[in-house]
Amino acid sequence: MSSQHPVTVRAAAKINLHLGVGAPREDGFHPLTTVYQAVGLCDDVTAHPADELSLEVDGSDWIDVDVVPTDGANLAHRAAVLLGSHHGRDLTGRLVVEKAIPVAGGLAGGSADAAAALVALDRLHDLGTSDDDLLRIAAELGSDVPFALIGGTALGTGRGELVESVGDVGTWWWVIVPSREGLSTPAVYRHFDKLFPKADPTPPDAEGLLSALRTGQPISLARTLHNDLQEPAVDLRPELGTLIEHGESEGALRGIVSGSGPTVVFLCESADHARDLAGALMRTGHPVVLVANGAVAGSHVVPSHV
Ligand code: C5P
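Since the model is a prediction, treat every value here as computed from it, not as a measurement. (Residues numbered from 1 in each chain as written. Predicted model: local features only at pLDDT ≥ 70, side-chain atom pairs only at ≥ 80, totals over all residues. Heavy atoms only, no water.)

Peer 1: So what exactly am I meant to see when it comes to the site of the ligand here?
Peer 2: What surrounds the ligand is the set G28, F29, H30, L32, G142, S143, R159, T185, P186 and Y189. One nitrogen or oxygen atom from the side chain of H30 is found 2.7 Å from an oxygen atom belonging to the ligand. Interatomic distance of 3.0 Å between a backbone N/O atom of R159 and a nitrogen atom of the ligand. With the chains in place, 72% of the 450 Å² that the ligand exposes on its own is no longer accessible. Assessed atom by atom at 2 Å from the grid points, the ligand resides in the largest pocket. A per-element tally of the shell around the ligand places helix α5 (residues 185-195) first, with three residues. Inspection of the shell around the ligand shows a minimum of three residues originating in each of domain 1 (7-165) and domain 2 (172-294). (Near = heavy atom within 4 Å. Polar contact = N/O pair within 3.5 Å; in protein donor to acceptor, adjacent residues only side chain to side chain. Areas by Shrake-Rupley, 256 points an atom, 1.4 Å probe, with all protein chains shown as cover. 1 Å grid on protein atoms, 1.4 Å probe; cavity = no way out; pocket = protein on both sides within 12 Å on 5 of 7 lines; lining within 4 Å. Sits in = over half its atoms within 2 Å of the grid points. Helix = DSSP H or I, 4+ residues; strand = E, 2+ residues; numbered from the N terminus. Domains from an automatic or database assignment.)

Peer 1: Any chance you could explain the packing of aromatic side chains here in plain terms?
Peer 2: Where two aromatic rings form a pair, the distance of their centres and the angle of their planes describe that pair. As enumerated under the stated definition, the model contains two aromatic pairs in all. Centre to centre, the rings of Y36 and F147 are 4.6 Å apart; their planes meet at 15 degrees, and the pair counts as stacked. Taken together, the positions of Y36 in strand β2 (residues 32-48) and F147 in helix α4 (residues 145-150) put the pair 111 residues apart, joining distant regions of the chain. Here Y36 falls in the buried class, since its relative accessible area comes to 0%. Between F192 and F196 the ring centres are 5.2 Å apart and the planes differ by 50 degrees, which places this aromatic pair in the tilted class. Under the relative-accessibility criterion, F192 is labelled buried at 3%. Given the relative accessible area of 29%, F196 is considered partly exposed. Residue placement shows R159 over the ring face of F29; its charged tip is 5.0 Å from the ring centre. (Phe/Tyr/Trp six-rings, centres within 6.5 Å; stacked < 30°, edge-to-face > 60°. Buried < 20%, exposed > 50% of the residue type's maximum accessible area, 1.4 Å probe, protein only. Lys NZ or Arg CZ within 6 Å of the ring centre and 35° of its normal.)

Peer 1: Please explain the environment of V9 as it appears in this structure.
Peer 2: Secondary-structure assignment places V9 in strand β1 (residues 7-21). A residue is classified by how much of its surface remains accessible, and V9, at 0% relative accessible area, is buried. Counting along the chain gives 291 residues from V9 to H300, while the straight-line C-alpha distance between them is 5.3 Å. Excluding residues that lie within four positions of it along the chain, V9 makes contacts with D43, D44, V45, A116, V119, A120, S299, H300, V301 and V302. (Contact = heavy atoms within 4.5 Å.)

What follows is the structure, encoded as structure tokens:
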């Protein structure tokens, strides 16, 4: 039996606390050792009962929703098709995506929407898809989608799609600075290959960062943040390097490019520290500066109050 009521699922943005990248595999993907963290900047996907499958995208006024496809090219739409074929049927539903995660920002916003769409449609149609099957379908959709399902803080291996939760005792405060223009993930990986033609096939491990997470101390985490895609991203967008230096000179414990960029995230000592830093960055010419903490939950149903 299908739910007669719309189902809203919330999914969080991710940042990579550690992104170790190895030389490309035969299939073109890069082997990763990464540590993801879900932060409190979320998209909501609502699945309304409908006779067909459709998709609408809306969002915060600083997000360019016009560049987000609403057809089969949208990962949330693909999620609906894949979930349907897993169950041997065409799934219907009017999917409404409410975006707060920047588009093409290195925060896995599209992956969050896909994960949320999987859960929302599963509940709308009462499909009872197992967690293992949801994770497998998520991995087919994209390397970051399984993490968007589980959230929290997790180690990612393979091409990023094999995820397991890790111990994390801290509450970490981040200042997030999106760029007006997105960066293409494949382009950043291609630039990594150009800059590092002799990269080791085994990506750098995350042991130092995993220990820091268990201390709960921001200063320890700051020292161990690592992103192998930062150099190519900054080479493509030199202003990102300037922004990192600027944020650190304003008191951030550490600034780092998030994933393949161009979003830059700054680790702070506390909520107050993060708000102070955000204010300083806004006063010096950055119109959109966000504050979020992590780790937060993965894709989950938001209770309806109707
Ligand atoms: O898996 P996903 O569809 O998110 O990947 C987008 C693109 O990013 C891939 O087509 C590939 O160019 C690059 N990528 C990669 N290695 C990874 C993940 C992504 O080269 N581990």
